[in-house]
Amino acid sequence: MNYLPPELIDSIIDHLDDHRTLAQCLIISRSWTKRCQLRLLNNVVLDLEHKCARTKIISLARCLDHDPFRSGLIRGIEIRRLQWGVSTQLGDAYATLLRILESTFNVQRIALRCSGWDIRAGELERTLLRLLGHASVEYIELDRFFIPNLPSLISLLSSPPNLTILRLKDIDCGQYQHYHGPLLPGVKRPKLETLEICAGSSGTSALEWLYHPQSPVNLAHLRHLQVSDRCKPIFSRRLLEVVAPSIEHLDLGALNWYAEEPVAKLTSMPFLRSLDLRRGTTLSWIQRLFSDLRHNHPLEVIRIRKSTSGLRADMKWLGCIDAYLTQPQLGSLRRVELWMARGNWEEEAELVSFMETFPILRERGLIFTTMI
């Protein structure tokens, strides 16, 4: 492959995600080494309960010790199955892991999966907190994460001063209570731009402090919000009330089949450009959402996802949205997508007949269907 220009080789390597393939490319040519190192160290994944965890930690430490510059290549750290007693389980590799985390200085993304946060885990958690406090950290993801109390959760999520992206899934807080503030003077509040939450009843109860007026996390600049259908509707409603003035992309899965009021009206979201509505959406919900529009709105894309197979009658109410989505105030609308389960339609003719209930949207070429 010597005849290929270096720029093309770099592009090919950048599309490789398999660590084994990258490790093999590393030893093929000296000219490939730096690019392969960039890819291998870009996102470090450590499964602390994997049978090869000790070997991987020690190998990584040797790689970084050989050239201290390589520590700056680590942009993402993902730690899986961090549990109490990890120091005993890893043995001598535990101190090596602490040294690796302390040596990194350019980490932008931190993810903790299938993990528990307990002060008994000791020095590793204190090291992670110091790492979270770096100005370079912009992204945090917590997935299937247990934390014993609310103050610890608030301290963890408010540590990065420049945090912009926060993804939370299945958060379990052992002892949570309502947040009453006040915010400590002099504390720099991270300005979130993206927030994604997928949590059950207890998880959303432990996150109510997010929309508190004196929350340690600043939501005034939030542009992208996604809440799943597992979140409590009251939680979604209050959260959206806070972020509505700045939101541009909204993905709502937290709609209740029996909800009487929408979580917000379109008039309260003046910068909204894309809207995703999932299960639980009803005609009355749509009517209230798009009512009282008096000025031009910048909304460009609407996606309605009805992925659950069921009676076709449950889908027919969608034909009534034609009038609401073709208001003059929605002149910026470019695309309306209907995501539906293929099992809702026995024959193609039934789907064609259903699409005829959108005469104006079809005439303008705005409506599209996706079968899943």
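About the criteria used
Residues numbered from 1 in each chain as written. Predicted model: local features only at pLDDT ≥ 70, side-chain atom pairs only at ≥ 80, totals over all residues. Heavy atoms only, no water. Helix = DSSP H or I, 4+ residues; strand = E, 2+ residues; numbered from the N terminus. Buried < 20%, exposed > 50% of the residue type's maximum accessible area, 1.4 Å probe, protein only. Contact = heavy atoms within 4.5 Å. Areas by Shrake-Rupley, 256 points an atom, 1.4 Å probe, with all protein chains shown as cover. Core = buried A, V, L, I, M, F, W, Y, C linked by side-chain atoms within 4.5 Å. Phe/Tyr/Trp six-rings, centres within 6.5 Å; stacked < 30°, edge-to-face > 60°. Axes fitted to C-alpha atoms, helices over the stretch in contact; angles between N-to-C directions. Parallel < 35°, antiparallel > 145°, perpendicular 65-115°, else oblique. Left-handed = near helix turned anticlockwise from the far one by under 90°. Salt bridge = Lys/Arg side-chain N within 4 Å of Asp/Glu carboxyl O. Pairing = 2+ DSSP bridges. Right-handed = clockwise from strand over helix to strand, strands pointing away.

Some points on the overall build of the chain
Moving on, step 1. Along its length, the chain carries 15 helices and twelve strands.
Moving on, step 2. Each of the 372 residues in the chain was classed as buried or not, and the buried ones make up 47%.
Moving on, step 3. Expressed as a percentage of contacts within the chain between residues at least 6 apart in sequence, the contacts between residues at least 24 apart total 79%.
Moving on, step 4. Total accessible area on the chain is roughly 18,800 Å²; 52% of this is exposed by carbon and sulfur atoms.

Quick look at the nonpolar core
Here is a general trend for soluble globular proteins: nonpolar side chains tend to be buried in one another's company.
Moving on, step 1. One finds Leu48, Leu124, Leu142, Leu195, Ile197, Leu225 and Phe290 to be the most contacted residues of the largest nonpolar core, which totals 96 residues.
Moving on, step 2. Per-element tally for this core: the top contributor is helix H6 (residues 93-103), with six residues.
Moving on, step 3. The contact partners of Ile197, leaving out residues within four places of it in the chain, are Leu168, Leu207, Leu210, Gln226, Val227, Ser228, Cys231, Phe235 and Leu239.
Moving on, step 4. Within the second largest apolar cluster, seven residues are counted, among which are Leu22, Cys25, Trp32 and Cys36.

Regarding the environment of Leu60
Moving on, step 1. With respect to the helices and strands, Leu60 occurs in helix H4 (residues 53-66).
Moving on, step 2. Judged by its relative accessible area of 11%, Leu60 is buried.
Moving on, step 3. Between the C-alpha atom of Leu60 and that of Thr96, which follows or precedes it by 36 residues, the distance is 9.3 Å.
Moving on, step 4. In this structure, Leu60 is in contact with Leu41, Val44 and Ile100, ignoring residues within four places of it in sequence.

Structural notes on the environment of Ile147
Moving on, step 1. Looking at the secondary structure, you find Ile147 in strand E4 (residues 139-149).
Moving on, step 2. Under the relative-accessibility criterion, Ile147 is labelled buried at 0%.
Moving on, step 3. Apart from the residues within four sequence positions on either side, Ile147 is in contact with Trp117, Ser152, Leu153, Leu156, Asp172, Cys173 and Gly174.

A look at the packing of aromatic side chains
Moving on, step 1. Considering all chains together, one arrives at two aromatic pairs under this definition.
Moving on, step 2. Seen in terms of ring centroids, Trp117 and Phe145 are 6.3 Å apart; in terms of plane orientation they differ by 45°. Their pairing is tilted. In this pair, Trp117 is assigned in the loop between strand E3 (109-116) and helix H7 (123-132) and Phe145 in strand E4, connecting sequence segments 28 residues apart.
Moving on, step 3. Accessibility expressed as a relative area gives 6% for Trp117, which makes it buried.
Moving on, step 4. Ring centres 5.8 Å apart and planes at 50° place the aromatic pair Tyr211 and Phe235 in the tilted group. Linking Tyr211 in the loop between helix H9 (201-205) and strand E7 (224-227) with Phe235 in helix H10 (residues 233-243), this pair joins segments that are 24 residues apart in sequence.
Moving on, step 5. A residue is classified by how much of its surface remains accessible, and Tyr211, at 15% relative accessible area, is buried.
Moving on, step 6. Classification of Phe235 by relative accessible area gives buried; the value is 1%.

Here we look at the packing of helix H2 (residues 19-26) against helix H3 (residues 30-42)
Moving on, step 1. Here H2 crosses H3 at 160°, and the two axes come no closer than 9 Å. When the interaxial angle is binned, H2 and H3 end up roughly antiparallel. At the point where H2 passes H3, the crossing takes the left-handed sense. Residue-level inspection shows His19, Leu22, Ala23, Cys25 and Leu26 of H2 in contact with H3, the latter providing Trp32, Thr33, Cys36, Gln37, Arg39 and Leu40.

What about the pattern of salt bridges?
Moving on, step 1. Under the defined criterion, the tally for this structure stands at 17 salt bridges.
Moving on, step 2. With a shortest N-O distance of 2.5 Å, Asp92 and Arg54 are connected by a salt bridge. One end of the pair, Asp92, is in the loop between helix H5 (86-90) and H6; the other, Arg54, is in helix H4, and 38 residues separate them in sequence.
Moving on, step 3. Overall, the relative accessible area of 51% leaves Asp92 in the exposed class.

Some remarks on the pairing of strand E1 (residues 43-47)
Moving on, step 1. Of all five residues making up E1, four are buried, and the element is well covered by its neighbours.
Moving on, step 2. Two elements, E1 and strand E2 (residues 76-80), share five bridges in a ladder whose sense is parallel. Of the residues in E2, the one forming a bridge with Leu46 is Ile79.
Moving on, step 3. For the segment spanning E1, H4 and E2, crossover handedness is right-handed.

Re the environment of Leu142
Moving on, step 1. Within the secondary structure layout, Leu142 lies in strand E4.
Moving on, step 2. On a C-alpha basis, the gap between Leu142 and Ile197 in space is 9.9 Å, while along the polypeptide they are 55 residues apart.
Moving on, step 3. The residues contacting Leu142, other than those within four sequence positions of it, are Leu112, Leu153, Leu156, Leu157, Arg167, Leu168, Lys169 and Ile171.

Any link to function would need more than the numbers given here.
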